[in-house]
Amino acid sequence: MKVAIVHYWLVGMRGGERVLEALCRMYPDADVYTNVYIPDGISETIKAHKITTTFVQHLPKVASWYQHYLFLMPLALEQLDLRGYNLVISSESGPAKGVITDPDCLHVCYCHSPMRYLWDMYPGYLVGKDFITKNIMKLAFNYLRIWDVTSAARVDRIIANSSFVAQRIRKYWRRDSVVIPPPVSIERFSVSHSAGDYYLWVGQLIRYKRPDLAVRAFTSSGRRLVVAGSGYEIEPLRAMAGPNIEFIGHASDSDIERLLAGCKALVFPGIEDFGIVPVEAMASGKPVIAFRRGGALESVEDRKTGLFFDEATPEALNRAIDGFEADSSWVDPDVIRRHAERFSEAVFLRSFAEVVSGSV
């Protein structure tokens, strides 16, 4: 079987690229197609495959401007020659699924999410933009929404990474999907039965992940918080943070493993499509204190692997942490780890193969 995997862009290793890695291991002879490929920071597993880019790769300053070329990516994807492939897998979060395939080719889309900036999070992405940029975005995004819905009809089978994303797919694409959570490298993490004096926030420092909520809550309470990640929100966060907040910047895989092993709990205040970091925390035997929305509802079990708070406010987060510190008798690192194992790569690959074979 000749297989092609289409990924929106390859500029770093985040959750979508971890899924791509798993698919590359599942299909070791697959060809990889993408709009933009920046080899630095891409795993050897992915780089071992033949990687073909669209014309977007050759545009000026593509390494830093690739998202500004979003409006060209539908055209670029449709120029890819995918004749002769039996199976095409699109890894969708930015534009990927819009490729044109042979009539007898099976096209399976693994959807991390319909493009958030086109749909439910669109108003938030306009905030802070100047007049010209805002109006260019309005025009471009109108065209992209039409293309996004139209191209969804080209896909034979859609897999959503969570029920939360499946709901978005039904709402915006009017398509049904099968839910398969993304693979997590559970084996990377060892169960820790001890805890240090800090809570941990991990992720890209961007607005929708709500690092500001965590920083405000911990600045108010005086508890120690370690923030691991980089992004455009770093300076505003530093400005609002108290001396009990430690920013360590970008963290390597080994740093994340060490920080998770040593923390009291992971703090997860954003609304994520699924959220791999909470599963990594649970693989380390650590509980998660999460906002009761989005993908966290599908990985965290209340008072078994974590606690929820119901309002996106520093006060609500602090009340949840107060409750956690008053009674954490339910925390059992081994139970938490066993729960995390249901999100292993082996489970993902088995479920993915069932969809491709048509048995699901």
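Below, the structure is looked at part by part. (Residues numbered from 1 in each chain as written. Predicted model: local features only at pLDDT ≥ 70, side-chain atom pairs only at ≥ 80, totals over all residues. Heavy atoms only, no water.)

## Some remarks on the overall build of the chain
Scanning the chain from terminus to terminus reveals 15 helices and 13 strands. Over its C-alpha trace the chain gives a radius of gyration of 21 Å, about what one expects of a compact globule, namely 21 Å for 360 residues. Taking the principal axes of its C-alpha atoms as reference, the chain extends roughly 60 × 50 × 35 Å. Taken across its 360 residues, the chain has 55% of its residues classed as buried. Partitioning the contacts of the chain with sequence separation of at least 6, the portion at a separation of at least 24 is 62%. Here the chain contributes 41 positively and 42 negatively charged side chains, and the mean placements of these two sets differ by 4 Å. (Helix = DSSP H or I, 4+ residues; strand = E, 2+ residues; numbered from the N terminus. Rg over C-alpha atoms; globule rule 2.2 N^0.38 Å. Buried < 20%, exposed > 50% of the residue type's maximum accessible area, 1.4 Å probe, protein only. Contact = heavy atoms within 4.5 Å. Lys, Arg positive; Asp, Glu negative; His and termini not counted. Charge placed at Lys NZ, Arg CZ, Asp CG, Glu CD.)

## Focus: the pairing of strand S5 (residues 106-111)
Across the 6 residues that make up S5, a large majority, 6, are buried. Residues of S5 alternate between two faces, with Leu 106, Val 108 and Tyr 110 on one and His 107, Cys 109 and Cys 111 on the opposite face, all of them buried. Relative to S5, strand S4 (residues 87-92) runs parallel, the two being bridged by 6 bridges. Directly across from Glu 92, in S5, lies its bridge partner Cys 111. As paired strands, S5 and strand S6 (residues 157-160) are joined by 4 bridges and run parallel to one another. Pairing of Cys 111 across the sheet is with Ala 160, part of S6. (Pairing = 2+ DSSP bridges.)

## Quick word on the packing of aromatic side chains
In the structure shown here, the tally under the stated rule is 11 aromatic pairs. Ring centres of Tyr 110 and Phe 348 lie 5.6 Å apart, and the angle between their planes is 80°; on these two criteria the pair is classed as edge-to-face. Pair noted here: Tyr 110 is in strand S5 and Phe 348 is in helix H15 (residues 345-357), with a separation of 238 residues, a long-range link. Since its relative accessible area comes to 0%, Tyr 110 is described here as buried. Given a relative accessible area of 1%, Phe 348 falls into the buried group. (Phe/Tyr/Trp six-rings, centres within 6.5 Å; stacked < 30°, edge-to-face > 60°.)

## Observations concerning the pairing of strand S12 (residues 288-291)
Residues Val 288 and Ala 290 line one face of S12 and the alternating positions Ile 289 and Phe 291 line the opposite face, and both faces are buried. With 3 bridges joining them, strand S11 (residues 266-268) and S12 adopt parallel strand pairing. Bridge pairing in S12 links Leu 266 to Val 288. Note that the unit made of S11, helix H11 (residues 276-283) and S12 has a crossover that is right-handed. For S12 and strand S13 (residues 306-309), the ladder comprises 4 bridges, and the chain directions are parallel. If you follow Phe 291 over to S13, its bridge partner there is Phe 309. (Right-handed = clockwise from strand over helix to strand, strands pointing away.)

## So, the nonpolar core
In terms of nonpolar packing, the biggest core is built from 33 residues, with Val 6, Trp 9, Leu 70, Leu 82, Val 88 and Phe 141 touching the most fellow members. If you list the elements that add at least two residues to this core, you get strand S1 (3-7), helix H4 (73-78), helix H5 (122-126) and helix H6 (131-152). Of all the elements, H6 adds the most residues to this core, at 5 residues. Those residues within four positions of Leu 82 in sequence are excluded, and the remaining contacts are Ala 4, Val 6, Tyr 33, Val 88, Val 99, Ile 100, Thr 101 and Asp 102. Ile 256, Cys 263, Phe 268 and Phe 274 belong to the second-largest nonpolar core, a separate cluster that totals 30 residues. (Core = buried A, V, L, I, M, F, W, Y, C linked by side-chain atoms within 4.5 Å.)

## Here's the deal with the pattern of salt bridges
Within the structure shown, the criterion is met by 29 salt bridges. Here Arg 207 makes a salt bridge to Glu 233, at a shortest N to O gap of 3.8 Å. Of this pair, Arg 207 sits in the loop between strand S8 (199-202) and helix H8 (211-221) while Glu 233 sits in the loop between strand S9 (225-228) and helix H9 (234-240), placing them 26 residues apart in sequence. Overall, the relative accessible area of 41% leaves Arg 207 in the partly exposed class. (Salt bridge = Lys/Arg side-chain N within 4 Å of Asp/Glu carboxyl O.)

## A word on the packing of H8 against helix H13 (residues 314-326)
In a pair of packed helices, the angle between the axes and the distance between the axes together describe the arrangement. As a packed pair, H8 and H13 sit with axes 8 Å apart at the nearest point and diverge in direction by 65°. Taken as a pair, H8 and H13 cross one another with a handedness that is right-handed. Only Pro 314, Leu 317, Asn 318 and Ile 321 of H13 make contact with H8, whose side of the interface consists of Leu 213, Ala 214, Arg 216, Ala 217, Phe 218, Ser 220 and Ser 221. Of the residues that constitute the contact of H8 with H13, the class distribution is 7 nonpolar, 3 polar and 1 charged. (Axes fitted to C-alpha atoms, helices over the stretch in contact; angles between N-to-C directions. Left-handed = near helix turned anticlockwise from the far one by under 90°. Nonpolar A, V, L, I, M, F, W, Y, C, P; charged D, E, K, R; others polar.)

## Thoughts on the environment of Asn 244
In this structure, Asn 244 sits in the loop between H9 and strand S10 (245-249). Exposure remark for Asn 244: the relative accessible area of 16% places this residue in the buried category. Each C-alpha atom of the pair Asn 244 and Val 215 lies 9.6 Å from the other, and the pair is 29 residues apart in sequence. Discounting residues that sit within four places of it in the chain, Asn 244 has contacts with Phe 218, Thr 219, Gly 222, Arg 223, Arg 224 and Leu 225.

## A closer look at unusual backbone geometry
In terms of backbone geometry, most residues other than glycine have negative phi values and most peptide bonds are trans. Notably, Arg 174 is not glycine yet its phi reads approximately 60°, a positive angle. By relative accessible area, which is 66% here, Arg 174 ends up exposed. Positive phi, close to 55°, is recorded for Arg 303, a residue that is not glycine. Relative to the helices and strands, Arg 303 resides in the loop between helix H12 (296-299) and S13.

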